[in-house]
Amino acid sequence: MKNIFQRLFIRVIGLFLILYIPMYVITFSAYFLGVNDYNKLNINYDSYLLLLNILTWFPFVIFTVFTLMYISIRNNKIAFVIRKGGEVKKVIISFVLAYFILSIMDPFYHNFNLEDAPIFKFNSISFEDIFLDLLLVLIIAPIFEELFFRDLLLVPFLKKNQMLLGAFVTSMLYSVSHFYVTNDNYDLDYLSLMNYFLIGIIFSILRIKYGILFAFLAHFFYNSLLLLDNLGVVDLHLFHYIVNHQVYWLTYIICVSLVLFICVKLLSSVKFDARNLSTKK
């Protein structure tokens, strides 16, 4: 049994490293070379722009190629795509979990100058200017990451009836995979990594309970919220609009309790059948 799990860990970690090491090498090499200042590279401006575009598109190309190859290889055998019945309820639960996990780390970032609560308003933005962001963040990344982390890496654990261990390990890897995007200055943001770990747990639970389709929908919704916030279109963080300390912490406790309750409820009603990769109540 020990050798089985050793091989399992080696396989999962190996697949992760094979895909992500090239991205780390390119990203950090570019940073230390100084891609933000083409004069440091001693090249002309046009070549600098070409290099910058290559570095920008590198993860996009990797994600796209992997996604297409994996779907092609697995064909219709991607394990446990969806459990039929109650789709509206599942979508609501998926969105609720994704939304509240977005705010779980808020108190650790918050400066608690609650009198400076923002005004809720939408800001216009050109669709053409963010088309590539929309394609990568809302389509390519959710599909790729769910297929990679919640199918390719998670299913081997499920086959060994190690559901919780699989969710933990793959969520840790999912968090580590976002190391290079946690901070514009490439400083390690531990809170951001913790947030990615928590949302990875949520995606894993949704994938195990409802199927990979709902993990993808939750991922799409989560990334949509982040994109709207990062682009300054609208601030959708509930806690940012609460100006009373007591109400803030009461709401936060309710939020955390709701997430824990739903997760425990979902997991308590799942028995994974490793023979056919389906769930039974």
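How each quantity is defined
For every chain, the first residue of its written sequence is number 1, and the numbers climb from 1 along that sequence. Where totals are concerned, whole chains, interfaces and linings use all residues; where local detail is concerned, this predicted model gives features only for residues with pLDDT of at least 70, and gives and counts side-chain atom pairs only at 80 or more. Values reported for side chains reflect all heavy atoms of the structure, with hydrogen atoms and water molecules removed beforehand. For patch detection, residues must exceed 30% relative accessible area and be free of salt bridges, and they are connected within 9 Å for like charges or within 5 Å for nonpolar side chains (Val, Leu, Ile, Met, Phe, Trp, Tyr). Method for areas: the Shrake-Rupley scheme with a 1.4 Å probe, in which residue coverage is limited to the protein chains shown. In the sections that follow, a salt bridge refers to a side-chain nitrogen of Lys or Arg positioned within 4 Å of a carboxyl oxygen of Asp or Glu. Neither His nor the chain termini are counted; the positive set is Lys and Arg, and the negative set is Asp and Glu. To locate a charge, take NZ of a lysine, CZ of an arginine, CG of an aspartate or CD of a glutamate. Only DSSP runs of H or I reaching four residues or more are called helices, and only runs of E reaching two or more are called strands; each is numbered from the N terminus. When accessible area is computed with a 1.4 Å probe and restricted to protein chains, residues below 20% of their type maximum are described as buried, those above 50% as exposed, and intermediate ones as partly exposed. Expected helix span is given by 1.5 Å per residue-to-residue step, counting one fewer step than there are residues. Think of a nonpolar core as a cluster: buried Ala, Val, Leu, Ile, Met, Phe, Trp, Tyr and Cys residues, connected wherever their side-chain atoms sit within 4.5 Å. By definition in these notes, contact holds between two residues if any of their heavy atoms fall within 4.5 Å. Two N or O atoms form a polar contact when they lie within 3.5 Å of each other; inside protein one atom must be a possible hydrogen donor and the other a possible acceptor, and for residues adjacent in sequence the pair counts only when both atoms belong to side chains. Summary of the metric used: pLDDT quantifies the predictor's per-residue confidence within the range 0 to 100. Planes of paired rings set the category: under 30 degrees apart is stacked, over 60 is edge-to-face and the rest tilted, where pairs are Phe, Tyr or Trp rings (Trp by its six-membered ring) whose centres lie within 6.5 Å. The rule for a charge over a ring is simple: NZ of Lys or CZ of Arg within 6 Å of the ring centre, and within 35 degrees of the ring normal.

Positive charge collects at one region of the surface, where R7, R11, K159 and K160 lie side by side. Secondary-structure assignment places K160 in the loop between helix 7 (155-159) and helix 8 (163-177). Overall, the relative accessible area of 39% leaves K160 in the partly exposed class.

Turning our attention to unusual backbone geometry. At N161, a residue that is not glycine, the phi angle is positive and equals roughly 60°. As for its position among the elements, N161 is in the loop between helix 7 and helix 8. By relative accessible area, which is 52% here, N161 ends up exposed.

Under the counting rule described, the total for this entry stands at two salt bridges. For R150, the salt bridge identified is with E146, shortest N-O distance 2.7 Å. Here R150 pairs with E146, and both are found in helix 6 (residues 131-153), just four residues apart, close to one helical turn. Note on accessibility: R150 and E146 belong to one class, buried. For R207, the salt bridge goes to D151, with nearest N and O atoms at 3.2 Å. On the criterion of sequence distance, the pair formed by R207 in helix 9 (residues 190-209) and D151 in helix 6 is long-range, its members being 56 residues apart. A relative accessible area of 0% places D151 in the buried class.

Our next topic: the environment of L198. Structurally, the position occupied by L198 is in helix 9. A relative accessible area of 23% places L198 in the partly exposed class. Between the C-alpha atom of L198 and that of S171, which follows or precedes it by 27 residues, the distance is 7.4 Å.

With 19 residues, helix 10 (residues 212-230) ought to run about 27 Å at 1.5 Å a step, and its terminal C-alpha atoms sit 26 Å apart, in line with that. Taken as a whole, helix 10 has its buried residues at I212, F214, A215, F216, A218, H219, Y222, N223, S224, L225 and L227. Immediately beyond the C-terminal end of helix 10, within one or two residues, lies G232, with a positive phi of roughly 75°.

What follows covers the nonpolar core. Within the largest apolar cluster, 54 residues are counted, with the highest numbers of intra-cluster contacts made by Y20, L97 and F148. Counting only elements with at least two residues in this core, the list comes to helix 1 (2-33), helix 3 (45-74), helix 4 (87-101), helix 6, helix 8, helix 9, helix 10 and helix 11 (245-268). For this core, the element with the most residues is helix 1, which contributes eight residues. When sequence neighbours within four positions are dropped, the list of residues in contact with F148 reads L15, F16, L19, Y20, F66 and L153.

So, about the side chain of R207. Owing to a relative accessible area of 0%, R207 belongs among the buried residues under this scheme. Of note is the side chain of R207, whose polar atom sits 3.2 Å from the side chain of D151.

There is a patch of nonpolar side chains on the surface, built from W57, V61, V65, M69, I73, F127, F131 and L132 and spanning about 780 Å² of accessible area. Take the nonpolar patch: its biggest share by element is five residues, from helix 3. With respect to the element layout, V65 can be found in helix 3.

The next point concerns the confidence of the model for the chain. Any segment with low pLDDT has predicted coordinates that should not be analysed in fine detail. Overall, the predicted model of the chain reaches an average pLDDT of 81, with 78% of residues at or above 70. Taking the mean pLDDT of every element in the chain, the minimum, 50, falls on strand 2 (residues 278-280) and the maximum, 93, on helix 4.

Time to look at the packing of aromatic side chains. If you walk through the whole model with that rule in mind, you get 22 aromatic pairs. Between the aromatic rings of F16 and F149, the centroid separation amounts to 6.3 Å while the plane-to-plane angle is 55°, which identifies the pairing as tilted. One end of the pair, F16, is in helix 1; the other, F149, is in helix 6, with 133 residues separating them in the sequence. Positioned above the aromatic ring of Y174 is the side chain of R150, whose terminal nitrogen or guanidinium carbon lies 4.7 Å from the ring centre.

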